[in-house]
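Commentary on secondary and tertiary structure
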Amino acid sequence: MRPQDILLPVASGLCCKPGGFHIDPVRPVERAVITHGHSDHARPGHGAVLATQETLDMMRLRYGENFAGSTQAIRYGEEIRLGDVSVKFHPAGHVLGSAQVAVTCKDTCIVASGDYKDAPDPTCTPFELVQCDVFITEATFGLPVFRHGDAADEVNKLLASVALFPERAHLVGAYSLGKAQRVIKLLRQAGYAAPVYLHGAMEKITEYYQSCGIDLGELRPVKGAKKAALAGTITLAPPSATSDLWTRRFPDPVTAFASGWMRVRARARQRGIELPLVISDHADWDGLTATIAATGAGEIWVTHGQEDALVHWCQSEGLQARPLDLVGYGDEEESEAPTSDEAEA
Ligand SMILES: [Zn+2]
């Protein structure tokens, strides 16, 4: 069977006609299969949603009880039949509950990996390599300049700065689903035992991580804390808040930002970031190319990000490759508008 008869990019997302569903649709559809809870992949308003329990819970937290007509939870490694195809979920290592979706029809297997990373992350199940015929890869950091390095080293930079400036507050911009919790966990692993402060927009999702058994130590809301008491502390906040009037409640804040984009100095400068931390929840160039090679797939479809360089790399390795031209996906850290919680907190 030709792969394009199994999955086809259409305006509302990646459509599986023989299975009667779309993967991560950007418009409301009858049946959606969702890879993870980030807002560019998990949108409200679908008829039926199939996703991991964690992704369903995050959608409920963000969009309310009635975010979909009906829901069905699926575990990693579980296989279910939808129409003429079988669908199996595998860990993507991106955020809690994130999954790659393997779609098999007759003897052809296509893996839609959503967003993924192969680097270790103590807050989610590690990425699992899945052998397949066609691998659909993201390309958020699909340029050789993007090499993320070790996230633990970046957290040590933050701790060194806290030790150096005990009279200042440290404000770390981090996306509220996944990145913030990973940064907190990395701080704990580095031996930082003091309370970590949270912007109001981080509270619900961080509590949810803790309810899933991810121990993040003592957390406190920053709301209501006295300015002087915030000297020498670390606060996690959505990136949009760190360049806002909101920062006036902190004593002489050092502004940090945890993102793969911080590899690009100009980006840090543009945003007025004093302490760029290269911590990403996406695979870097080495991670993307190593993963593509290891899947054994002969055909690679490249989406949301720097498609051209990765397509070119695949072709130079003798693989068939093409950009998918899906619209509506991108790095949440860059594209997300502040939510109402963020505005008030
Ligand atoms: Zn994502």
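Data block above holds the structure.
Conventions used here
- Residues numbered from 1 in each chain as written.
- Predicted model: local features only at pLDDT ≥ 70, side-chain atom pairs only at ≥ 80, totals over all residues.
- Heavy atoms only, no water.
- Donors = N, O, S within 2.8 Å, 3.2 Å for Na, K, Ca; no water.
- Tetrahedral: all angles 85-135°; square planar, octahedral: opposite > 155°, others 65-115°.
- Helix = DSSP H or I, 4+ residues; strand = E, 2+ residues; numbered from the N terminus.
- Buried < 20%, exposed > 50% of the residue type's maximum accessible area, 1.4 Å probe, protein only.
- Polar contact = N/O pair within 3.5 Å; in protein donor to acceptor, adjacent residues only side chain to side chain.
- Salt bridge = Lys/Arg side-chain N within 4 Å of Asp/Glu carboxyl O.

**Quick look at the coordination of the zinc ion**
At 2.2 to 2.3 Å from the zinc ion lie its protein donor atoms, namely His-36 (NE2), His-38 (ND1), His-94 (NE2) and Asp-115 (OD). Geometry at the zinc ion is irregular, judged from the 4 donor atoms that bind it and their angles of 91 to 164 degrees at the metal. Each donor residue of the zinc ion belongs to the same chain, and together they define the spacing H-x1-H-x55-H-x20-D. Separated by 77 residues along the polypeptide, His-38 in the loop between strand E4 (31-33) and strand E5 (46-51) and Asp-115 in the loop between strand E10 (108-112) and strand E11 (134-139) bring together distant segments of the chain. Judged by its relative accessible area of 2%, His-38 is buried.

**Description of the environment of Gln-315**
Checked against the element boundaries, Gln-315 lands in helix H8 (residues 307-316). Look at Gln-315 and you get partly exposed, because its relative accessible area is 44%. Each C-alpha atom of the pair Gln-315 and Glu-299 lies 9.6 Å from the other, and the pair is 16 residues apart in sequence. Side-chain polar atoms of Gln-315 contact the backbone oxygen of Ala-321, separated by 3.3 Å.

**Some words on the pattern of salt bridges**
The full count for this structure, using the stated rule, is 13 salt bridges. For Arg-182, the salt bridge goes to Asp-121, with nearest N and O atoms at 3.9 Å. Of the two residues, Arg-182 sits in helix H4 (residues 179-189) while Asp-121 sits in the loop between E10 and E11, which places them 61 residues apart along the sequence. The same class applies to Arg-182 as to Asp-121, namely buried. The closest approach of N and O atoms between Glu-274 and Arg-168, which form a salt bridge, is 3.2 Å. Of this pair, Glu-274 sits in the loop between helix H6 (265-270) and strand E17 (275-277) while Arg-168 sits in the loop between helix H3 (151-164) and strand E12 (170-173), and the two are 106 residues apart along the sequence. Each of the salt bridges in this network shares a partner with another, and the network as a whole consists of Lys-117, Asp-121, Arg-182 and Asp-281.

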